[in-house]
Amino acid sequence: MEQQRSLSGSSQSPKSPSSQSYLSVSVTDPVKLGNGVQAYISYRVITKYKGIFIPPLPEKSAVEKFRFSAEFIEKRRQALDVFLNRIASHNELQQSEDLRTFLQADEETMESLRYQETGIFKKTPDLIQMFKDVQSKVSDVLGKEKPVEESNPEYEKLKHYVFELENHLAEAQKHAYRLVKRHRELGQSLSDFGKAAKLLGACEGQALGKAFSELGAKSQTLSVKLQKEAHQLLMNFEEPLKDYVHAVQSIKATIGERVNAFRQQCELAETMKLKEINLDKLMLTRSDRVGEAEHEYKELKAESEEATRRFETIVRLMNEETVRFQEQKTQDMGIAFHEFAKGQARLANSIADAWRSLLPKLEACSSAE
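Residue positions are counted from 1 within each chain, in the order its sequence is given. Thresholds applied to this predicted model are a pLDDT of at least 70 for local features of residues and 80 or more for the giving and counting of side-chain atom pairs; totals over whole chains, interfaces and linings are not thresholded and use all residues. Water and hydrogen atoms were dropped before computing side-chain values, which therefore reflect all heavy atoms in the structure.

**A few points about the overall build of the protein**
Here a strand is any run of E in DSSP of at least two residues, a helix any run of H or I of at least four, and the numbering for each starts at the N terminus. Counting its secondary structure elements, the protein contains 8 helices and 2 strands. The rule is simple: take the accessible area with a 1.4 Å probe, protein chains only, and divide by the maximum for that residue type; under 20% is buried, over 50% is exposed, in between is partly exposed. A total of 369 residues make up the protein; the buried ones form 37% of that total. Here a residue-residue contact requires only that any non-hydrogen atoms of the pair lie within 4.5 Å. Taking all contacts inside the protein whose residues are at least 6 apart in sequence as the whole, residues at least 24 apart take part in 77%. Computed with a 1.4 Å probe, the accessible areas rest on the Shrake-Rupley method; for each residue, only the protein chains presented here act as cover. Looking at the protein as shown, the accessible area adds up to about 22000 Å², and 54% of this sits on carbon and sulfur atoms.

The following block contains the structure:
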């Protein structure tokens, strides 16, 4: 099956020097599933870009992927579309050579690379273990005792916001799921009621029987509308909320990277001070180890300066990413809630119009002698 790739904001420009040491994208374990026109390749993509909020990979369902329901396929398609377009529209991530390999490689190439397990296609550690590692890093931020902790009011404010946002998004997504479920259950109930009303109408007299039959038909029509609206609610409301719950995990992982970078910077700075004191002592005693100590001190100083630059880069990128994330979230959540309200208004009007159209006939039956 030919892979269709149409991404907005993609770029063919080479990597910038500043981005090379901060980007790592792994596309692994390509697996061909299905046969003939239904065949497709699934991949495992692991991205690491220090200081950058990596868009979350779409979730996989161990159960649904074997059913291939229309809804599951559409959810995966939409999620992959959102994920890839976010990567392609990102000023830094769009320059990844690994991303272009993932997008442009044909099935034969990917199948070959799968068995070679070299380069970016080399098997990586288990994803669950990687997630546990990230959780471990994030738990440090949440409150475990730390030998060194960054003291920055704006940074503390950001951490508090991120963890509050995750909780509120998760709560909203939970209730959005319940709304989808309620629409589906109500739609199924109306469908069942419609069938029963039609059967009841078939055994009644002309006027009453016709009224019952029309009541059943309207119920079944509304059932279809409810099922369609449930699907729209799922795709345009619940899924975007779930996507942002996962997006927050990316921010928390970046916070974990910042914590580690800050600790490394501080630890190297402390070690360098001890080396400097030791060097001064050796120079005072005119020890023959002065040369060796000077060399070690210079190497450590260079490493410390690099750690400081790395930490400052992560801080700068995080500040830029926070602004970008807020702007994108405002836009995406605005669209999601607008679609939700519009869909509910459309459904309410359809339900009201349907029942209203039956009132005259039902009133005539109820008032007939």
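**So, unusual backbone geometry**
Residue arginine 286 is not a glycine yet carries a positive backbone phi of 50 degrees. In this structure, arginine 286 sits in the loop between helix H7 (206-284) and helix H8 (290-367). Overall, the relative accessible area of 75% leaves arginine 286 in the exposed class.

**Regarding H8**
Compared with an ideal rise of 1.5 Å per residue, which puts 78 residues at 116 Å, H8 spans 111 Å between its outermost C-alpha atoms and is within 8% of the ideal. One axis fitted to the seven residues ending at a residue, another fitted to the seven starting there: the angle between these axes is the bend at that residue. Where H8 bends most, the angle comes to about 35 degrees, and this point is leucine 359, followed within four residues by the proline proline 360. To estimate the expected span of a helix, subtract one from its residue number and multiply by 1.5 Å.

**Considering the packing of H7 against H8**
Fitted lines through C-alpha atoms give the axes, limited to the stretch in contact for helices. The angle between two N-to-C directions lies from 0 to 180 degrees. Viewed as axis vectors pointing N to C, H7 and H8 meet at an angle of 170 degrees, and their least axial separation amounts to 8 Å. Judged by the inter-axis angle, H7 sits roughly antiparallel to H8. In this scheme, roughly parallel covers angles under 35 degrees and roughly antiparallel covers those over 145, while 65 to 115 is roughly perpendicular and the rest are oblique.

**Some points on the pattern of salt bridges**
By definition here, a salt bridge exists when the distance from a side-chain nitrogen of Lys or Arg to a carboxyl oxygen of Asp or Glu is within 4 Å. Taken as a whole, this structure holds 15 salt bridges when the rule is applied. Notably, a salt bridge pairs glutamate 339 with lysine 342, separated by 3.3 Å at the nearest N-O pair. Here glutamate 339 pairs with lysine 342, and both are found in helix H8, just 3 residues apart, close to one helical turn. In this structure glutamate 339 comes out as partly exposed when scored by relative accessible area, which is 27%.

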